[in-house]
Amino acid sequence: MSTYVTANPTTGVTEREFPGLSDDDVRAVAQRADAGFRQWRDTPVPKRAEVLARTAEIYEKRADELSAAITTEMGKPKAQADGEVQLAADIYRWYAEHGPDLLETETLDPQGADESIVQRRPVGPLVGVMPWNYPYYQVVRFVAPNLMVGNSIILKHASICAASAQLMAEILHEAGAPDDVYINVFASSSQVADLIADPVVQGVSLTGSEKAGASVAQTAAEHLKKSVLELGGSDPFILLDTADMARTTTIAAQARLSNAGQACNSPKRFIVLDELYEEFVEGLVGQFEAVTVGDPADPDTDMGPLSSISARDGVAEQVDTAVKQGATLHTGGKKLDRDGAFYAPTVLTGITSEMDAYAEEIFGPVGMVYRVSSIDEAVELANDVGFGLSGSVWSTDLGKAQQVADRLEVGMAYINEHGTTLPGLPFGGVKRSGYGRELGRWGMGEFVNTRLRRTSSK
Ligand code: NAP
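Residues numbered from 1 in each chain as written. Predicted model: local features only at pLDDT ≥ 70, side-chain atom pairs only at ≥ 80, totals over all residues. Heavy atoms only, no water.

Going by what an unreviewed UniProt entry lists, the protein chain is known as NAD-dependent succinate-semialdehyde dehydrogenase and is assigned to Gordonia tangerina. Per UniProt, the protein chain has the following entry under Sequence similarities (unreviewed entry): "Belongs to the aldehyde dehydrogenase family." (UniProt positions renumbered as here; feature names shortened; annotations may be inferred.)

Put into structure tokens, the structure is as follows:
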């Protein structure tokens, strides 16, 4: 049996199976991607931009179908799935509009020659390894800038996202990307390693867990290929003061429970100053208990299932361990008594540095609230984890909040918002959250040959 399946997490029923890539075809895929690259790098930049613009249009035209596919395969509520499809279209459009300027040749001070210029050239075929939590957005933020640059792509999506992976490939080809310029593969981890090792492949980008990132980066390093890693996070949400606690807890709950808490940059740790702590916990618990959990296809549902039974069981085990180790459970902490991968929104407090939950990422609908007595303590706690993806500071005093934000060891710091991602803003982390950046002009700088051409007449 292939490992690529649509296993509907709302019902627990396996709906479709997809044949995996055969070992005999791995080399041929790399060779096709190389042939595709040679064709694509010589395709004029405006033509490449047209393909991206057409892709954005098709995403909008086929939005309902795209949205329904991810609701089925990973349980994303319809409104959130619709939003993700639109974001994917926006990213394609952003690169179609801004990509050509970002690829312009730069003229330097000649420094002793007649001319010194820097050209931005593609590097070759790339491998993308992507996760299931935002099946379109994660893929598109790697693919759109790299197709714009002129690289070709071999894409290995999460094994539960085969249906959305096929749709994405179909749309790019319909928009005019040649078949060998974007190749979707249902590959195993060892086949991914073989693809990375193939001499024609020039780099790999992985979004996913630390374990997968380390494995892929190790293979890339052995073969002297560049890697970009977008890994996990346990983002802090630091509350200094608020003029409206009800609004603050509403935003906090929405941010944490969006996508059933399965976002790398979800605010997993709420760090609250002493005088606000009791009111915040009470408000957050109220918000978590008010959430409608159910069928993600129903427009009234706020939160669907987790992406799979095993993902749900992993979260349940982390919460059980935290409670066994002495954390206080305020609400939730249980699987729902129905088919599928449902888990109740959960609030934990009293987590100490000795407990596993202090340092782990909990990839589900679980808010951990910490009480601190000073700003210094808040910053120290925020930075006292291995991750460094993003963090937010909440206050009516913007200057004070900016000072606190500047002390966070993260790739993205927000004041009075959390986790905003837009096509023109950089996305990425530091520490164990990975390296490299996606989106905006930064996302077009990772797999580019920044090539010097110097001309001297004597
Ligand atoms: P995962 O298990 O690491 O899977 C991600 C992708 O890597 C999947 O396509 C998976 O394939 C593949 N994979 C796993 N092990 C591999 C290996 N040894 N070699 C090659 N490919 C391998 O992660 P996940 O559970 O899907 O996603 C959750 C994690 O991703 C969380 O930690 C989350 O924070 C992180 N994430 C980070 C960002 C970011 O931008 N920083 C964004 C979203 C998610 P299979 O599906 O076939 O196993």
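Further notes follow.
Things to note about the site of the ligand
Within the structure, the ligand sits among 28 residues, and Trp 132, Arg 141, Ser 209, Leu 231 and Glu 361 are positioned closest to it. Taking Ser 159, its main chain carries an N or O atom lying 2.9 Å from an oxygen atom of the ligand. Separating a nitrogen atom of the ligand from a side-chain N or O atom of Ser 189 is a distance of 3.5 Å. Surface burial for the ligand is 83%, taken as the share of its 900 Å² of free accessible area covered by protein chains. When residues of the shell around the ligand are traced back to their parent elements, those giving at least two are α5 (137-149), α7 (189-197), β8 (203-207) and α8 (210-222). For the shell around the ligand, the element with the highest residue contribution is α8, accounting for three residues. Of the residues belonging to the shell around the ligand, the class tally is 14 nonpolar, 10 polar and four charged. Taken domain by domain, the makeup of the shell around the ligand includes at least three residues from each of domain 1 (5-231 + 433-455) and domain 2 (235-427). (Near = heavy atom within 4 Å. Polar contact = N/O pair within 3.5 Å; in protein donor to acceptor, adjacent residues only side chain to side chain. Areas by Shrake-Rupley, 256 points an atom, 1.4 Å probe, with all protein chains shown as cover. Helix = DSSP H or I, 4+ residues; strand = E, 2+ residues; numbered from the N terminus. Nonpolar A, V, L, I, M, F, W, Y, C, P; charged D, E, K, R; others polar. Domains from an automatic or database assignment.)

So, the pattern of salt bridges
Under the criterion given, the structure shown has 22 salt bridges. Ionic pairing is found between Arg 62 and Glu 65, a salt bridge with its closest N-O pair at 2.9 Å. Look at Arg 62 and you get buried, because its relative accessible area is 14%. Where Lys 431 meets Glu 409, a salt bridge forms, and the shortest distance between an N and an O atom there is 2.8 Å. In this pair, Lys 431 is assigned in strand β18 (residues 430-431) and Glu 409 in the loop between α14 (398-405) and β17 (412-415), connecting sequence segments 22 residues apart. Take Lys 431: its relative accessible area is 37%, and that puts it in the partly exposed class. On the accessibility criterion, Glu 409 (39% relative accessible area) is partly exposed. Ionic contacts of the salt-bridge type, sharing partners, join the residues Arg 62, Glu 65, Glu 170 and Glu 174 into one network. (Salt bridge = Lys/Arg side-chain N within 4 Å of Asp/Glu carboxyl O. Buried < 20%, exposed > 50% of the residue type's maximum accessible area, 1.4 Å probe, protein only.)

Examining α8
Side chains of residues three or four places apart in an α-helix project in the same direction, reflecting 3.6 residues per turn. The end-to-end C-alpha separation of α8 is 18 Å, in line with the 18 Å expected for 13 residues at 1.5 Å each. Among all positions of α8, only Gly 213, Val 216, Ala 217, Thr 219 and Ala 220 are buried. Buried residues along α8 cover an arc of 160° about the axis, so they all sit on one side. In α8, the exposed residues that point more than 90 degrees away from the buried face are Lys 211, Gln 218 and Glu 222. (Expected span 1.5 Å × (residues − 1). Arc of directions from axis to C-beta.)

Looking at the packing of helix α3 (residues 63-74) against helix α4 (residues 78-102)
Between α3 and α4, whose axes approach to 9 Å, the crossing angle comes to 125°. Relative to α4, the element α3 is oriented oblique. Our pair here, α3 against α4, has a crossing hand that is right-handed. The residues of α4 that touch α3, namely those facing Ala 63, Asp 64, Leu 66, Ser 67, Ile 70 and Thr 71, are Lys 78, Ala 81, Asp 82, Glu 84 and Val 85. Residues of the contact of α3 with α4, tallied by class, amount to five nonpolar, two polar and four charged. (Axes fitted to C-alpha atoms, helices over the stretch in contact; angles between N-to-C directions. Parallel < 35°, antiparallel > 145°, perpendicular 65-115°, else oblique. Left-handed = near helix turned anticlockwise from the far one by under 90°. Contact = heavy atoms within 4.5 Å.)

Remarks on the domain arrangement of the protein chain
Per the domain assignment, the segments of the protein chain are domain 1 (5-231 + 433-455) and domain 2 (235-427). Averaged C-alpha coordinates put domain 1 and domain 2 at centres separated by 30 Å. Where domain 1 abuts domain 2, roughly 2,500 Å² becomes buried across the two surfaces, and 58% of that area is made up of carbon and sulfur atoms. Across the contact surface, domain 1 and domain 2 share zero salt bridges. Connecting domain 1 to domain 2 are 12 residue pairs in polar contact (both at pLDDT 80 or more). Listed by contribution, the elements that provide at least two residues to the side of domain 1 that touches domain 2 are α3, α4 and α5. Here the side of domain 1 that touches domain 2 gets seven residues from one element, more than from any other, and that element is α4. Here the side of domain 1 that touches domain 2 is built from residues that sort into 14 nonpolar, 10 polar and nine charged. (Buried area = accessible area lost by both parts, 1.4 Å probe.)

Quick notes on a negative patch on the surface
Judged by side-chain charge, Asp 23, Asp 24, Asp 25 and Asp 194 come together as a negatively charged surface patch. When you line up the elements, Asp 24 lands in the loop between β2 (13-18) and α1 (26-41). (Patch = residues over 30% accessible without salt bridge, like charges linked within 9 Å, V, L, I, M, F, W, Y side chains within 5 Å. Lys, Arg positive; Asp, Glu negative; His and termini not counted. Charge placed at Lys NZ, Arg CZ, Asp CG, Glu CD.)

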